[in-house]
Amino acid sequence: MRHKKRLLFASLIILLLIGIWFSLPKKLFKTPYAVVLLDKKGQLLQARIAQDGQWRFEPSYAIPEKFEKAIVCFEDKRFFMHPGFDPLAFGRAIYLNLKYGAVVSGGSTISMQVIRMSRQKPRTFIEKIIEIVLAIRLELSYSKKEILQLYASHAPFGGNVVGLQAAAWRYFGREASQLSWGEICSLAVLPNSPALVRPDKNRKALLNKRNKLLDKLKETGQISNETHSLSLLEPIPQKPLPLPNLAPNLLNSLSEFTLKVTVNNALVQTTLSKELQIQVNAILELHHQKLKGNGVNNLAALVLDIEKNEVMAYVGNVYHPEDAAVESYVDIIPANRSPGSTLKPLLYAAMLQDGILLPRSLLADIPTQVAGYMPQNFNLSYDGAVHADIALARSLNVPAVRMLQQYRTERFYDLLNRLGISSLDKGASHYGLSLILGGGENSMWEISSVYASLARQLNHFGSNSGRFEPKDFAYPNIIVGNSPQLIPQKAKSAPINAAAIWHMFEAMQDLVRPGEEENWTQFISSRRVAWKTGTSFGFRDAWAIGLTPGYLVCVWAGNADGEGRPGLTGVQAAAPVLFDLIKLLPRHAWFEQPYDNMKKQLICKESGNKVSDFCVATDTVWIVKSKSTQPICNYHQLIHLDKSGRYRVNSTCESPSNMIHQSWFILPPAMEWYYKSKDANYKILPKWKPGCENIEELNSMMEIIYPKRLSSLYIPKEIDGVEGKAVIELAHRNRNTKVFWYLNGKYIGTTKEFHQMGISPPAGKHQLIVEDENGERIELPFEVVRNLP
């Protein structure tokens, strides 16, 4: 019988022990935590209050040694010796409570307080026994350090402040590891009675409790006499301080998955630098105050470390929540906006790679109409002819559109997809040639990724022995410990080769910087920066993106609601911000030239193309190795002059022995018409010697600039309701030649010097004929549309 009772008793004990073992939840605290952003050093950038309205940080910080000593001294001096329950402290509490007839001491250990905070139950004798049991069980699964961390992360510090780190920031504006002994002790005494004693309530009682704790620390030899004396002089904190507000838009975008970055914890350590983030915020605020005077409310900036592929600073918008017009909650960085001209360098590089042009190939800059689309340069003028690198540096629209027409929109669209531009989701035909001028929409995040990836590829050209490394193409990493999101690459070769990238960055250096003279390169202090601006149609978006081999900066200025403003251009609004930000970054040596991807080539200085037999001035330059045939100069031609050198002749009117044979740089009439007014050194073709006028020329004497053959012209009505006119423009090599104009067989006028004719035909198909006094004739079929559908 006794044996059975013993067995039963043993079984009950075993069951009790099993019950106690499994009584401790796997996750002690199920409370929500504030979303907290840290920089790469662990410094606080931004936080959002927890869903229950408490400032409670996720437990991940190491407990400062000062706090560990202070809290153990104040709350549980035998913490490192007892198993979770301290019989001496508990007995002392019972004695004191009976002596004074009231609860003056709880006798709870730190482990018991952790259990109480996790259970959130009313304080009763039964609950106290449960706390003792669970505290002992807690000590079997958690180390003393882990228990201290649980305590420090969930202890109440007054009001809605929970946890040591939240308290350190709310009361002192610093993280706990940076607090002094006086500050640490001010916090260590708060959890004991946070509702009665806190910085904004019973301050005198708080001061006395803190000083008593400092006395104990001195008595136990944990602080020196000097530290004790100085700590007593420190003031106690005032009312809670606001938390750092350095990256509000980043916090929102990470929480809402706008950047497509996975965040697994409430405590997020980013790759940002707090110091740089503060400086970038300050610079944007300074420029915001200037731009706001013009009704430009929003400004954003992104700074990347190219080699590490990490975000160093992220300011999605200026922060003025008190001003509804600013719309501070809108994060511009992941938002799709018209990129203006920021894609032009990519087309330039692509055409260099494919051998369609050379770095200084001559391009036409004349009025151009393609299927009803007529691009214009920003200054509304034309140069006639311009070198490709200069056209890029000056961001001329007409040459860029003509380049895209030659390269083909579909090819360029596919290239942008390979580079990581995924926001163009409507197909190449939807955007057409306007794609190169900002006809699509892209984000700062994507465009920055593209240029950073290309810079990284060029940086690694030597170390990769010229091989394409797909890992170089990736979106920036912003979370410490995350792997960069790679940009998918279907082909085994780079989207753009290293030599083309190098030439692209070289051309992007030549832009005139805002506020600087054109000869900025003469100053030793000036750093080399490849940069590009962009301005969207209607002055809605101003862009500037700049990079060195080490860093990339992207800036956007405008209005989040899309409102355009006069003068809102990349050069005036965004570029000054760009260069102020670049000055914050370390200097870096320039890109190494990828010679293995290049070859030396003799080119014509005037046309920029490979030399022909008639080129005079030549130069040897490095160009991209290309499998395709690169362009040869076709502007230099051999002409024959009489002995005086004043007239052109041929064998029918002049003996070959009397001829002077000379190479001549000849532009087509339309290009020449505009170019000769820009370049005083340009020589027009000499006139034919009398008697040779009727000889058929190899080069046409005149060309219709606008419109082109088979064009459709829309002619609107004037404001007063009168039918409007279309102005036909023609270029003639001989300025003083008379030109006769005929519309549908009827003579309509004569022009000399300036060949323009206004016409107002009815809707339908028409035929225009122009004929000069020498009998040269051009026929132009076109169609007039009066009412758009």
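Scoring rules and cut-offs
All chains use their own residue numbering, which begins from 1 and follows the written sequence. Totals for whole chains, interfaces and linings use all residues, but because this is a predicted model, local features are given only for residues with pLDDT of at least 70 and pairs of side-chain atoms are given and counted only at 80 or more. Working from all heavy atoms in the structure, the side-chain values ignore hydrogens and water. Structural elements are reduced to axes, namely lines fitted to C-alpha atoms, with helices fitted over the stretch in contact, and the angle between N-to-C directions of any two is expressed from 0 to 180 degrees. Helix and strand assignments come from DSSP, with helices taken as H or I runs of at least 4 residues and strands as E runs of at least 2, each series counted from the N terminus. Each angle is binned into one of four classes, with values under 35 degrees roughly parallel, values over 145 roughly antiparallel, values of 65 to 115 roughly perpendicular, and all other values oblique. For a crossing to be left-handed, the near helix must be turned anticlockwise from the far one by less than a right angle; the clockwise case is right-handed. We call two residues contacting when some pair of their heavy atoms lies within 4.5 Å. When residues are sorted by character, Ala, Val, Leu, Ile, Met, Phe, Trp, Tyr, Cys and Pro go into the nonpolar class, Asp, Glu, Lys and Arg into the charged class, and all the rest, Gly among them, into the polar class. pLDDT is a per-residue confidence score from the predictor, ranging from 0 to 100. Only protein chains enter the accessibility calculation, which uses a 1.4 Å probe; a residue whose area is less than 20% of its type maximum is buried, one above 50% is exposed, and one in between is partly exposed. Two strands make a pair as long as DSSP finds a minimum of two bridges between them. The term salt bridge refers to a pairing of a side-chain nitrogen on Lys or Arg with a carboxyl oxygen on Asp or Glu at a separation within 4 Å.

Below, the discussion takes up the packing of helix α13 (residues 344-353) against helix α15 (residues 397-407). Helix-helix packing is characterised by the crossing angle of the two axes and by the distance between the axes. At a closest axis distance of 11 Å, the pairing of α13 and α15 adopts a crossing angle of 45°. When the axis of α13 is compared with that of α15, the two are oblique. Between α13 and α15 lies a crossing of left-handed hand. Residues Lys344, Leu347, Tyr348, Ala350 and Met351 of α13 pack against Asn397, Ala400, Met403, Leu404, Gln406 and Tyr407 of α15. When its residues are assigned to classes, the contact of α13 with α15 shows eight nonpolar, two polar and one charged.

The subject of this paragraph is the confidence of the model for the chain. Summary statistics for the chain give a mean pLDDT of 88 and a share of 91% for residues scoring 70 or more. Within the model, the stretch residues 515-525 combines pLDDT values under 50 with seven contacts to residues more than four positions away or in other chains.

This part takes up helix α21 (residues 669-678). Within α21, seven of the ten residues are buried, leaving the element largely enclosed by the surrounding structure. By the burial criterion, the buried members of α21 are Pro669, Ala670, Met671, Glu672, Trp673, Tyr674 and Tyr675. Buried residues along α21 sit in contact with β8 (362-365), β9 (384-387), β19 (702-706) and β21 (726-732).

When strand β1 (residues 35-38) meets strand β2 (residues 44-48), the two strands line up antiparallel, connected through four bridges. Pairing of leucine 37 across the sheet is with glutamine 46, part of β2. Taken together, β1 and the strand that follows it, β2, pair antiparallel across an intervening segment of five residues, in which glycine 42 is found at a positive phi of about 90°. In terms of strand pairing, β1 meets strand β5 (residues 267-269) through three bridges, oriented parallel. Residue pairing in the sheet places valine 36 in a bridge with leucine 267 of β5.

This part takes up the pattern of salt bridges. Enumeration according to the criterion identifies 22 salt bridges in this entry. With a shortest N-O distance of 2.8 Å, aspartate 541 and arginine 337 are connected by a salt bridge. Here the residue aspartate 541 occupies a position in strand β11 (residues 541-547), and arginine 337 occupies one in the loop between β7 (310-315) and α13, the gap between them amounting to 204 residues. Grouping residues by exposure puts aspartate 541 and arginine 337 together as buried. The shortest N-O distance in the salt bridge between arginine 408 and glutamate 410 comes to 3.7 Å. Taken together, the shared-partner salt bridges connect Asp383, Arg394 and Lys678 into one network.

The subject of this paragraph is the packing of helix α12 (residues 274-291) against helix α20 (residues 570-582). Running from N to C, α12 and α20 cross one another at 155°; their axes reach a closest spacing of 10 Å. The pairing of α12 with α20 is recorded here as roughly antiparallel in orientation. In terms of crossing hand, the pair formed by α12 and α20 is right-handed. Here Val280, Ile283, Leu284, His287 and Leu291 of α12 come into contact with α20, specifically with Ala573, Pro576, Val577, Asp580 and Leu581. Here the contact of α12 with α20 is built from residues that sort into eight nonpolar, one polar and one charged.

Strand order in the open sheet formed by five strands is β20-β26-β25-β22-β23, with mixed pairing between adjacent strands. A strand with exactly one partner marks an edge of an open sheet, and here the two such strands are β20 (711-714) and β23 (746-752). Neighbour-to-neighbour, the strand axes of this sheet turn through a mean angle of 30°, independent of strand direction.

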